[in-house]
Amino acid sequence: MCTLQRAAACAGNMAFNRVWLTLVAPKIVQYATKVRFVSTQSSRSLYGGVCLSDGRKSVAVGNEKEKSSSSLMSNRRWKSSETTAQTIGCAVTNGTTTTTASSSGEVKESDKDDGAHRDPLDLSFENAEAAYKSKTSLEIVRALLVFSLCSAPYLVEHNAQLMKLGRRILGRRLFRLLMKCSFYGHFVAGEDQHEIRPYIEKMRQFGVKTILDYSVEEDISHQKAEQLEMEACTSAAETQGEPSVDDATLEQYHVHRSFADRREAVVAARTYFYLNEAQCEKNMEIFLNCIDAVSGSTKSTGFAAIKMTALGRPQLLMQLSEVIARARRYFEEVTGHQGIIFQDIKPSYFEKRFHEAQILTENPDVNKWLSQMTYDQKGLIHLFSWSGLIDCNMLLSDLFQVPNLQTGKMEPIITALTEEEEEMFRNMMRRLRTIANRATEKNVRVMIDAEQTYFQPAISRITMELMRKYNREKAIIFNTYQCYLKRADMNVLLDLEQAERQNFYFGAKLVRGAYLEQERMRAATVGYDDPTLPSYESTNFIYERTLTECLRTIKRRGGQKVAVMVASHNEDTVRFTVNKMKELGLGPKDRVVCFGQLLGMCDQVSFPLGQAGYSVYKYVPYGPVEEVLPYLSRRAQENSGILKKVRKERRLLWKELKRRILKGQLFYTPKGNYEPV
């Protein structure tokens with residue numbers, strides 16, 4: 001088998017070499033002639049030998065005096081912008097108002113005390129040599145080819161059909177070779193956990209770590225997806241005619257056929273559809289294998305990414321999200337306050353309120369409900385014992401009940417569930433605990449991805465309880481926060497407060513979000529308030545305000561009790577983070593802030609950060625060629641939607657390729673000495 005794999009790899013390289021010789025080499029010779037590249041020594045290096053570079057030299061950019069002046073001015077602008085934004089509710093964020101160093105400023109070498117090599121960081125992210133020193137020239141040519149194809153509207157719009165057509169015409173073997181020489185080779189690390197190890201090790205040599213994701217996706221039709229979702233999000237109790245809790249249902253947390261295919265208008269996120277419990281068990285095994293792969297190939301520095309909708313029936317997450325919304329309403333009705341955890345309210349307050357409403361607290365059911373509240377000396381944390389739910393000590397229908405303020409009787413705030421659905425929920429919690437236990441055992445961190453707003457309240461609440469259970473000695477479980485949501489900053493503040501009061505490590509990944517267009521369309525169609533912010537500028541403001549609060553909490557609490565990942569391809573956001581860290585006295589060696597980008601995208605940010613000593617991760621997909629085609633299709637569409645950034649990457653790739661030609665380094669062999677933080 002190993003011999004066959006080596007032969008296939010050799011065939012792939014030969015095919016790529018043909019592309020190089022027929023399409024690219026003539027252009028290079030033409031360019032070399034144009035710039036009068038006739039030095040005998042250089043020619044000998046270009047065509048007859050191998051030029052090695054240790055990948056350590058970096059260009060220092062900027063003047064110190066200009067940098068200091070610009071930093072001071074930008075700092076003032078940021079403070080002014082922040083004040084204005086707090087007044088009007090949003091702020092315009094760009095390269096000047098959010099950056100406390102000049103756009104071409106330089107962050108000096110840091111953390112040399114760990115013995116690893118470090119380069120200065122050019123915050124303009126224009127240093128092509130630093131960005132691509134981990135790539136061979138062939139990989140640079142492949143990247144140029146891929147980004148050029150992503151810029152062709154027709155190819156992007158019909159990419160899925162074209163790939164299927166190519167597979168039929170070329171046959172399986174030739175199609176696989178073509179994909180490995182193009183999109184698959186650029187965006188995917190390999191087919192299995194053994195094949196990806198050299199790729200991961202090479203990135204480590206240049207200061208970049210790994211978030212592994214097994215990116216196999218089912219390629220199902222729109223009609224099939226709609227059918228599966230309607231079945232998976234409708235309770236059997238409803239179809240059997242059992243009544244709901246009341247008629248004032250929250251429409252946001254109910255399935256709607258026009259949005260049953262959750263892939264519609266979403267290109268930046270993967271979608272799982274519920275088939276049966278056996279499929280959920282299979283998904284759990286895939287996640288466990290991913291954790292094992294991270295442990296075996298990243299020296300316990302990596303992450304594994306999971307989605308909660310892959311592990312259970314989505315209807316249950318919708319019902320739990322509705323419960324959370326109802327619980328907020330009940331709390332406000334009883335106390336007249338918003339934000340449970342921020343109020344100094346104890347169970348005795350509820351007893352007093354029940355007496356005023358002439359509800360007898362001698363009622364054993366009411367007293368039992370009061371005793372199950374989660375609170376500390378400062379006051380209430382939760383109305384319910386979510387820990388009991390995670391540990392499967394209670395039924396959903398038994399836990400989520402509240403005293404009626406008119407009758408004093410206990411009544412459910414969760415819609416009806418069958419015994420089978422209760423069992424399905426226990427299965428989902430068991431799968432999550434199994435994953436968390438394996439991650440703890442292997443010392444691997446788990447990133448739980450964000451999803452649509454009708455799932456997210458339940459996903460976040462369950463994730464926080466997993467943090468409370470497993471993040472006792474370090475941050476193992478991380479939650480994801482989508483900053484295009486109106487409640488994003490408040491949700492982070494609430495969760496930071498809970499983590500501090502219950503004394504566990506808090507892990508957060510901050511993203512702008514992947515479901516914006518779909519969320520807006522669904523809210524307008526179904527008829528509930530749009531949960532998203534009105535503009536890109538307001539999203540930037542909330543992102544930076546949320547990040548700043550996390551960084552200030554890190555500084556205030558000390559140690560590593562709070563860890564945050566800045567998952568963004570936005571250069572202004574990365575500059576803002578680096579400068580805010582410097583302002584607060586936080587450095588890479590503190591190991592509390594890291595950055596994340598997708599494999600094959602934004603290398604001009606990822607690698608210079610890693611080579612300067614910052615903690616950086618690439619989101620690394622892997623899986624068989626034919627089964628990751630839906631993922632590749634989404635990557636092509638995503639790149640076509642950010643043409644400005646793609647144009648910059650193409651410009652930098654060409655710049656580095658030309659530099660290698662001029663320096664006689666066309667056959668450069670990447671070799672780094674940058675130990676990741």
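Each remark here, short or long, concerns the structure printed above.
The residue count restarts for each chain, going from 1 along the sequence in the order it is written. Given that the model is predicted, a residue must reach a pLDDT of at least 70 before its local features are reported, and side-chain atom pairs must reach 80 or more before they are shown or counted; all residues, however, enter totals for whole chains, interfaces and linings. The side-chain quantities take in all heavy atoms of the structure and omit both hydrogens and water.

We define a salt bridge as a contact between a side-chain nitrogen of Lys or Arg and a carboxyl oxygen of Asp or Glu at a distance within 4 Å. Across all of its chains, the model carries 40 salt bridges by this definition. Here Glu277 makes a salt bridge to Arg431, at a shortest N to O gap of 2.8 Å. Separated by 154 residues along the polypeptide, Glu277 in helix H12 (residues 277-297) and Arg431 in helix H18 (residues 419-442) bring together distant segments of the chain. On the basis of relative accessible area, Arg431 is assigned to the buried category, the value being 1%. Between Lys580 and Glu583 there is a salt bridge, with the nearest N and O atoms lying 3.4 Å from each other. A residue pair is termed a helical-turn pair when its members lie 3 or 4 positions apart in one helix, as Lys580 and Glu583 do in helix H23 (residues 571-584) at 3 residues. The buried label applies to any residue whose accessible area, calculated with a 1.4 Å probe on protein chains only, is under 20% of its type's maximum; exposed applies above 50%, and partly exposed to all values in between. On the accessibility criterion, Glu583 (42% relative accessible area) is partly exposed. Secondary structure follows DSSP: runs of H or I at least 4 residues long count as helices, runs of E at least 2 residues long count as strands, and numbering of each begins at the N terminus.

So, on to the nonpolar core. The nonpolar side chains of soluble globular proteins are, as a tendency, buried together. One finds Phe350, Trp369, Leu383, Phe384 and Phe400 to be the most contacted residues of the largest nonpolar core, which totals 134 residues. Among residues more than four places away in sequence, those in contact with Trp369 are Tyr330, Phe350, Phe354, Leu383, Phe384, Gln401, Val402, Pro403 and Met410. Side-chain atoms within 4.5 Å link the members of a nonpolar core, which is a set of buried Ala, Val, Leu, Ile, Met, Phe, Trp, Tyr and Cys residues. By size, the runner-up hydrophobic cluster in this structure holds 32 residues, among which are Met179, Phe183, Ala563 and Tyr631. In what follows, a contact means two residues having at least one pair of non-hydrogen atoms within 4.5 Å.

Another aspect to go through is a nonpolar patch on the surface. The patch calculation keeps residues exceeding 30% relative accessible area without a salt bridge and links them within 9 Å when they carry like charges or within 5 Å when they are nonpolar (Val, Leu, Ile, Met, Phe, Trp, Tyr). For the accessible areas, the method is Shrake-Rupley and the probe is 1.4 Å, while residue cover comes only from the protein chains on display. On the surface, a cluster of nonpolar side chains totalling about 740 Å² of accessible area is made up of Tyr154, Leu155, Leu162, Leu165, Ile169, Leu170, Leu174 and Leu178. Breaking the nonpolar patch down by element, the ones donating at least two residues are helix H6 (153-157) and helix H7 (159-180). Counting through the fold element by element, Leu178 comes out in helix H7. Residue Leu178 is classed as partly exposed on the basis of its relative accessible area of 45%.

Turning next to the sheet that holds strand E13 (residues 593-598). In this analysis, strands are considered paired if DSSP registers two or more bridges between them. If you walk around this closed barrel you meet the 8 strands as E3-E4-E9-E10-E11-E12-E13-E14, and the pairing is parallel. Strand after strand, the sheet turns through a mean of 30° between neighbouring axes, direction not considered. Bridge count between strand E12 (residues 562-567) and E13: 4 bridges; the pairing is parallel. Along E13, the bridge assignment pairs Val564 with Val593. Sheet strands touched by helix H9 (residues 197-205): strand E3 (208-214) and strand E14 (615-622). Its angle to E3, the strand with the most contacts, is close to 155°. Across the sheet, helix H24 (residues 603-611) is in contact with E3, E13 and E14; its angle to E14 comes to roughly 130°. For helices, the fitted line uses only the C-alpha atoms of the stretch in contact; every axis is such a line through C-alpha atoms, and the angle between N-to-C directions lies from 0 to 180 degrees.

Here we take up the side chain of Ser606. Assignment of secondary structure puts Ser606 in helix H24. Pairs of N or O atoms within 3.5 Å make up the polar contacts considered here, provided that, within protein, one atom can donate a hydrogen while the other can accept it, and that residues adjacent in sequence are counted only when both atoms are side-chain atoms. Polar contacts involving the side chain of Ser606 include one to the side chain of Gln597, which spans 2.5 Å. Only 3.1 Å separates the side chain of Ser606 from the side chain of Lys618, close enough to count as a polar contact. Not counting residues within four places of it along the chain, the set of residues in contact with Ser606 comprises Val208, Gln597, Met601, Val616 and Lys618.

Looking now at the environment of Arg650. Structurally, the position occupied by Arg650 is in helix H26 (residues 643-663). Given the relative accessible area of 26%, Arg650 is considered partly exposed. Placed 503 residues apart in sequence, Arg650 and Phe147 show a C-alpha to C-alpha distance of 6.8 Å.

On to the pairing of E3. Counting buried positions along E3 yields 6 of 7 residues, so the element is predominantly enclosed. Pairing of E3 with E14, which is carried by 7 bridges, proceeds in the parallel orientation. Looking across to E14, one finds that Leu212 is bridged to Val620. Bridge count for E3 against strand E4 (residues 303-306) is 2 bridges, and the pairing is parallel. Among the inter-strand pairings, Ile211 is bridged to a residue of E4, identified as Phe303.

Now for the packing of aromatic side chains. Aromatic rings considered in pairs are described by the distance between their centres and by the relative angle of their planes. Only rings of Phe, Tyr and Trp enter the pairing, Trp through its six-membered ring, and a pair is recorded when the two centres are within 6.5 Å. The plane angle decides the type: under 30 degrees is stacked, over 60 is edge-to-face, the rest tilted. Considering all chains together, one arrives at 15 aromatic pairs under this definition. With 5.0 Å between their ring centres and 85° between their planes, Phe303 and Phe478 make a pair best called edge-to-face. Placement of the pair is Phe303 in strand E4 and Phe478 in strand E10 (residues 477-482), with a sequence separation of 175 residues. According to the relative accessible area criterion, Phe303 is buried, its value standing at 0%. Arranged with centres 6.2 Å apart and planes meeting at 70°, the rings of Phe350 and Phe354 form a pair that is edge-to-face. You can see Phe350 and its partner Phe354 sitting in helix H14 (residues 347-356), 4 residues apart, about one turn around the helix. Phe354 matches Phe350 in its accessibility class, with the two residues each being buried. Grouped by ring-pair contacts, the aromatic residues Tyr330, Phe331, Phe350, Phe354 and Trp369 constitute a single cluster. When the ring centre of Phe273 is taken as reference, the NZ or CZ atom of Arg262 above it lies at 5.2 Å. Stacked on the ring of Tyr505, the Lys or Arg Lys561 has its end atom at 4.2 Å from the ring centre. Charge over a ring is defined by NZ of Lys or CZ of Arg lying within 6 Å of the ring centre and within 35 degrees of the ring normal.

What follows is about unusual backbone geometry. Phi is positive for Phe125, which is not a glycine, with a value near 55°. On the secondary structure map, Phe125 appears in the loop between strand E2 (121-122) and helix H4 (128-132). Owing to a relative accessible area of 2%, Phe125 belongs among the buried residues under this scheme. One non-glycine residue, Asn503, lies in positive phi territory at about 55°. Note that Asn503 resides in the loop between helix H20 (488-501) and strand E11 (506-511).

With that settled, the discussion passes to the packing of H23 against H24. Two numbers describe how H23 lies on H24: the axes approach to 11 Å, and their chain directions differ by 20°. By the angle between their directions, the pair H23 and H24 is classed as roughly parallel. Relative to H24, H23 is oriented so that their crossing is right-handed. Counting all contacts with H23, which are made through Glu571, Val574 and Val578, the residues of H24 involved are Gln604, Val605 and Leu609. Each residue is assigned to one of three groups, with Ala, Val, Leu, Ile, Met, Phe, Trp, Tyr, Cys and Pro labelled nonpolar, Asp, Glu, Lys and Arg labelled charged, and all others, Gly among them, labelled polar. Taken together, the residues of the contact of H23 with H24 sort by class into 4 nonpolar, 1 polar and 1 charged. These descriptions rest on fixed angle ranges, namely under 35 degrees for roughly parallel, over 145 for roughly antiparallel, 65 to 115 for roughly perpendicular, and the rest for oblique. In this scheme, a crossing is called left-handed if the near helix is turned counterclockwise away from the far one by less than a right angle; it is called right-handed if the turn is clockwise.

What follows concerns the pairing of E13. Of all 6 residues making up E13, 6 are buried, and the element is well covered by its neighbours. Judged by which residues are buried, E13 turns out to be covered on both faces: Val593, Phe595 and Gln597 on one side and Cys594, Gly596 and Leu598 on the other are all buried. With the strands aimed away from the viewer, a crossover counts as right-handed if its path from the first strand over the helix to the second runs clockwise. What joins E12 to E13 is H23, and the crossover it makes is right-handed. Judged from the 5 bridges that link them, E13 and E14 form a sheet pairing that is parallel. Paired with Cys594 across the bridge in E14 is Ser615. Taking the sense of rotation as the criterion, the β-α-β connection linking E13, H24 and E14 turns out right-handed.

All we've got here are geometric facts, nothing functional implied.
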